[in-house]
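These are the residues of each chain, in order.
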Amino acid sequence: MDDDCIFCKIIAKELEADFVYEDSEIVAFKDIHPAAPVHLLVVPRKHISTLMDLQDDDVSLMGRLHGVVNDLARAFKLDKKGFRVVINCGKDAGQVVYHLHLHLMGGRPLLRDIAKGQGT
Ligand code: DGP
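My aim in this report is to walk through the structure given alongside it, one point at a time. This structure is a prediction, so every number in the text was calculated from the model and none was measured. (Residues numbered from 1 in each chain as written. Predicted model: local features only at pLDDT ≥ 70, side-chain atom pairs only at ≥ 80, totals over all residues. Heavy atoms only, no water.)

## Details of the overall build of the protein chain
Phase 1: In terms of helices and strands, the protein chain carries two helices and five strands.
Phase 2: The C-alpha radius of gyration of the protein chain comes to 14 Å, within 12% of the 14 Å expected for a compact globule of 120 residues.
Phase 3: For the protein chain, the spread of C-alpha atoms along the principal axes amounts to about 35 × 30 × 30 Å.
Phase 4: The burial tally for the protein chain puts 40% of its 120 residues in the buried class.
Phase 5: The long-range fraction of contacts in the protein chain, counting pairs at least 24 apart against all pairs at least 6 apart in sequence, stands at 54%.
Phase 6: Summed over all atoms, the accessible surface of the protein chain reaches about 7000 Å², with 53% contributed by carbon and sulfur.
Phase 7: With 15 positive and 18 negative side-chain charges, the protein chain shows a separation of 10 Å between the mean positions of the two kinds. (Helix = DSSP H or I, 4+ residues; strand = E, 2+ residues; numbered from the N terminus. Rg over C-alpha atoms; globule rule 2.2 N^0.38 Å. Buried < 20%, exposed > 50% of the residue type's maximum accessible area, 1.4 Å probe, protein only. Contact = heavy atoms within 4.5 Å. Areas by Shrake-Rupley, 256 points an atom, 1.4 Å probe, with all protein chains shown as cover. Lys, Arg positive; Asp, Glu negative; His and termini not counted. Charge placed at Lys NZ, Arg CZ, Asp CG, Glu CD.)

Written out as C-alpha cells, the structure is:
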C-alpha cells in the first residue's frame, strides 16, 4: 500500500467508494466523476503506478483485470450494445490517479470526446 495513494485508501476502506466487485486481487467501484451512465474503475489491490510499471509477473493480473471487465460489462448489461475500456498512462494521457486502473464506460453511444475516460 502507498500511503499517499487515494485508490490504496479506497481499497483499504479508509475512504468510501461505491464498490461493485471485490476479490483477493481486484476491486471495482463507480467513478466519482462518471463520463457515461455506467463508469466503473477496475483496480488491482496491488499498487502499480502506471501501465509502464508493470512487472513480468503482473501479466496474469492484467489478464484477470480484463476478465473482471468482461464480467462487469455483462452484469451492467453493456455486453450487447458495447462499451469502452480505457487505461490512461502518464501526464499526456491525463492520468490523475497514479494507481493503475481500467475505466469501463458504457450505457450510451460514446463519442470521441470522452475517449480519455474522464469528465462529463
Ligand atoms: P485517470 O487517472 O485520469 O485515469 O482517472 C482517474 C479517475 O478516478 C477519474 O475519472 C476520477 C476518479 N476518481 C478520482 N478520485 C476518486 C475517488 O476518490 N473516488 C472515486 N470513486 N473515483 C475517483
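## Section: the pairing of strand 1 (residues 19-22)
Phase 1: Across three bridges, the pairing between strand 1 and strand 2 (residues 26-30) is antiparallel. For F19, the partnering residue across the bridge sits in strand 2 and is F29.
Phase 2: As consecutive antiparallel partners, strand 1 and strand 2 are separated by three residues. (Pairing = 2+ DSSP bridges.)

## A short note on the packing of aromatic side chains
Both the distance between ring centres and the angle between the ring planes are used here to describe each pair of aromatic rings.
Phase 1: A complete count under the given rule lists two aromatic pairs for this structure.
Phase 2: Aromatic ring contacts, followed pair by pair, group F7, F19 and F29 into a single cluster.
Phase 3: We note K13 situated over the ring of F19; from NZ or CZ to the ring centre the distance is 4.7 Å. (Phe/Tyr/Trp six-rings, centres within 6.5 Å; stacked < 30°, edge-to-face > 60°. Lys NZ or Arg CZ within 6 Å of the ring centre and 35° of its normal.)

## Notes on unusual backbone geometry
Phase 1: Even without glycine at this site, K13 takes up a positive phi of about 65 degrees.
Phase 2: With respect to the helices and strands, the residue K13 is situated in the loop between helix 1 (6-11) and strand 1.
Phase 3: Residues other than glycine seldom take positive phi values, yet K77 does so here, at roughly 60 degrees.
Phase 4: Structurally, K77 is set in the loop between helix 2 (59-75) and strand 4 (83-86).
Phase 5: With a relative accessible area of 71%, K77 lands in the exposed category.

This is a description of form; function is not addressed.
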